[in-house]
Amino acid sequence: LAHEAPRVDVVVERTEANVMERLEAGTAHLAFLPLAFTPATLRRQMLPDARFVVLMRKHHPLAQGKLSLAKYLGASHLLVAPRGLPGSLVDSALERLGHQRRVALRIAHFVTAPYTVATSDLLLTVPETAAAFALRHLPLHLANLPKELHLHADRIALAWHERAHLDSGHAWLRKRLLGMIQAAPRTRSPLSQPRA
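Here's a quick rundown of the structure. Bear in mind that the values here come from a model prediction, so they are computed numbers and not experimental data.

Details of the sheet that holds strand β8 (residues 156-160)
The strand order across the open sheet built from three strands is β1-β8-β2, with neighbouring strands paired in antiparallel fashion. Each having just a single partner strand, β1 (31-34) and β2 (43-46) make up the two edges of the open sheet. On average, adjacent strands in this sheet sit at an angle of 35° to one another, irrespective of strand direction. Sheet analysis places β1 next to β8, joined by four bridges and oriented antiparallel. Pairing of Leu 33 across the sheet is with Ala 157, part of β8. Packing against the sheet, helix α6 (residues 168-182) makes contact with β1, β2 and β8, and its axis sits at approximately 170° to β8.

Concerning helix α5 (residues 128-137)
When α5 is considered as a whole, its buried residues turn out to be Glu 128, Ala 131, Ala 132 and Ala 134. For α5, the arc enclosing every buried residue in end-on projection is 165°, short of the 170-degree limit, so these residues lie on one face. Away from its buried face, by an angle of more than 90 degrees, α5 presents the exposed residues Arg 136 and His 137.

Topic: a nonpolar patch on the surface
A cluster of nonpolar residues, Leu 1, Val 8, Val 10 and Val 12, forms a patch on the protein surface that exposes about 370 Å² of accessible area. Here Leu 1 falls in the partly exposed class, since its relative accessible area comes to 40%.

Notes on the sheet that holds strand β3 (residues 52-57)
Spatial ordering of the open sheet is given by β6-β3-β7, a layout of three strands whose pairing is antiparallel. For this open sheet the edge positions go to β6 (124-127) and β7 (140-144), each flanked by a neighbour on one side alone. Sheet twist, expressed as the mean angle between neighbouring strand axes with direction ignored, is 40°. Sheet analysis places β3 next to β6, joined by four bridges and oriented antiparallel. Following the sheet pairing, Val 53 is matched in β6 by Val 126.

Focus: the pattern of salt bridges
Pairing of side chains with opposite charge becomes possible as their charged atoms draw close. For the structure on display, the rule yields seven salt bridges. Among the salt bridges present, the one from Arg 163 reaches Glu 24, with a minimum N-O distance of 3.9 Å. One end of the pair, Arg 163, is in the loop between β8 and α6; the other, Glu 24, is in helix α1 (residues 19-25), and 139 residues separate them in sequence. Here Glu 24 falls in the partly exposed class, since its relative accessible area comes to 44%. A salt bridge links Glu 162 to Arg 43; its shortest N-O distance comes to 2.8 Å. Taken together, the positions of Glu 162 in the loop between β8 and α6 and Arg 43 in strand β2 put the pair 119 residues apart, joining distant regions of the chain. Owing to a relative accessible area of 31%, Arg 43 belongs among the partly exposed residues under this scheme.

Some words on the environment of Ala 104
Mapped onto the elements of the fold, Ala 104 is located in strand β5 (residues 102-107). Sequence separation between Ala 104 and Gly 65 is 39 residues, and the spatial gap between their C-alpha atoms is 24 Å. Ignoring anything within four residues of it in the chain, the contact list for Ala 104 reads Ser 76, His 77 and Leu 122.

Focus on the environment of Ile 156
Note on placement: Ile 156 falls in strand β8. Since its relative accessible area comes to 32%, Ile 156 is described here as partly exposed. Sequence spacing of Ile 156 and Leu 33 is 123 residues, and the spatial spacing of their C-alpha atoms is 5.5 Å. Sequence-distant contacts of Ile 156, defined by excluding residues within four places in its chain, comprise Phe 32, Leu 33, Pro 34, Leu 35, Gln 45, Met 46 and Leu 47.

Analysis parameters
Residues numbered from 1 in each chain as written. Predicted model: local features only at pLDDT ≥ 70, side-chain atom pairs only at ≥ 80, totals over all residues. Heavy atoms only, no water. Pairing = 2+ DSSP bridges. Helix = DSSP H or I, 4+ residues; strand = E, 2+ residues; numbered from the N terminus. Axes fitted to C-alpha atoms, helices over the stretch in contact; angles between N-to-C directions. Contact = heavy atoms within 4.5 Å. Buried < 20%, exposed > 50% of the residue type's maximum accessible area, 1.4 Å probe, protein only. Arc of directions from axis to C-beta. Patch = residues over 30% accessible without salt bridge, like charges linked within 9 Å, V, L, I, M, F, W, Y side chains within 5 Å. Areas by Shrake-Rupley, 256 points an atom, 1.4 Å probe, with all protein chains shown as cover. Salt bridge = Lys/Arg side-chain N within 4 Å of Asp/Glu carboxyl O.

Purely geometric stuff here, so don't read any function into it on its own.
Have a look at this one:
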């Protein structure tokens, strides 16, 4: 953006409940929303699916061999809860299997989570794209989820109001954002290989 549109200023905010009203009023221009909560009245572009993986510090005792469900459940976990509430996709999936994990630490921000995991024995279950970014910067080990644990993340869409759809500047920014998302790093083998 600094090279192609040096006068464009970007403000990134947490998505709040009033995001639809803000898109309608023009006080917000784009939003990343779960498809289930994106009304049909908004224009949208689906983002690539991201599978979930487990991050732990590089020399964690569980970094050797496959991560079984028993080992996963026996560990302490970090949960990123932006609104501070308990529960997650992971906890719901475990509950369906009749299991519960210990969440030893709940924090509000994704940015601090990999740093905390890199210096503790906590496990962090995250989308693969977030894990790939963290792996480039921190001494972390990445593992597949236990085979019994099937997580289906909400499909995420980039959403905008109809009035902005034909605006050339808005269209350019959407294209650039989507290009960056498509080019985001993925984890490398053995994780990208299908499970047996």
